[in-house]
Amino acid sequence: MNELGKLRMEYEQDGNVVQVYNAPKVCSLVINGTVVDEYRGLVAGQFVLEGQIEREGEEPIPVEAKMGYIYMRLYYGNVCVGKKFMGFG
C-alpha cells in the first residue's frame, strides 16, 4: 500500500486490522485492507475519518481516526486505542 503513503498507526483486534496512512496530499483510514475513508488536501486541520467493521448477527464496530491540531487519535468501538504526533506530516 505504498501509494497510500506512510503507515502512521495500526491496531489489530479479533482478526480485524485498522490502519491509518499519511501521504503529502491524502490521509487514509484502511480497515482489513480496504480504504474506507480519506481526507484530501495539502494542509490538514481538524478532520475525522470514519468507518465500521460489520459482524454477522452483531452490531457493527465503529472505527474513527480523529485529527486534532497536532495529534491523531484512533478509536475502535468508541475506545481510544492509539495516539500519534502528526505535527510534521
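Residues numbered from 1 in each chain as written. Predicted model: local features only at pLDDT ≥ 70, side-chain atom pairs only at ≥ 80, totals over all residues. Heavy atoms only, no water.

Chemist: I would appreciate a short explanation of unusual backbone geometry in the present structure.
Modeler: Note: most residues except glycine have negative phi, and most peptide bonds are trans. Phi at D14 takes a positive value of approximately 55°, unusual for a residue other than glycine. With a phi angle near 65°, N78 is a residue other than glycine that sits in the positive phi range. Position of N78 relative to the elements: it lies in the loop between strand 7 (71-76) and strand 8 (79-85). (Helix = DSSP H or I, 4+ residues; strand = E, 2+ residues; numbered from the N terminus.)

Chemist: Just to check I follow, could you spell out the sheet that holds strand 4 (residues 34-40) for this structure?
Modeler: Pairing is antiparallel across the open sheet formed by four strands, whose spatial order is 1-2-3-4. Unpaired on one side and paired on the other, strand 1 (6-13) and strand 4 mark the two borders of the sheet. If you compare each strand with its neighbour and ignore which way they point, the axes differ by 15° on average. Bridging between strand 2 (residues 16-23) and strand 3 (residues 26-31) involves six bridges; their strand directions are antiparallel. Looking at the pairing, V18 lines up with I31 of strand 3. (Pairing = 2+ DSSP bridges. Axes fitted to C-alpha atoms, helices over the stretch in contact; angles between N-to-C directions.)

Chemist: Help me out: how do you make sense of the sheet that holds strand 6 (residues 58-67) in this one?
Modeler: In a beta sheet, neighbouring strands are held together by backbone hydrogen bonds and run either parallel or antiparallel to one another. The strand order across the open sheet formed by four strands is 5-6-7-8, and the pairing between neighbours is antiparallel. Edge strands, defined here as strands with exactly one partner in the open sheet, are strand 5 (47-55) and strand 8. Taken pair by pair, the neighbouring strands of this sheet meet at an average axis angle of 15°, ignoring direction. When strand 5 meets strand 6, the two strands line up antiparallel, connected through eight bridges. Along strand 6, the bridge assignment pairs L49 with A65.

None of the figures reported here should be taken as evidence of function without further support.
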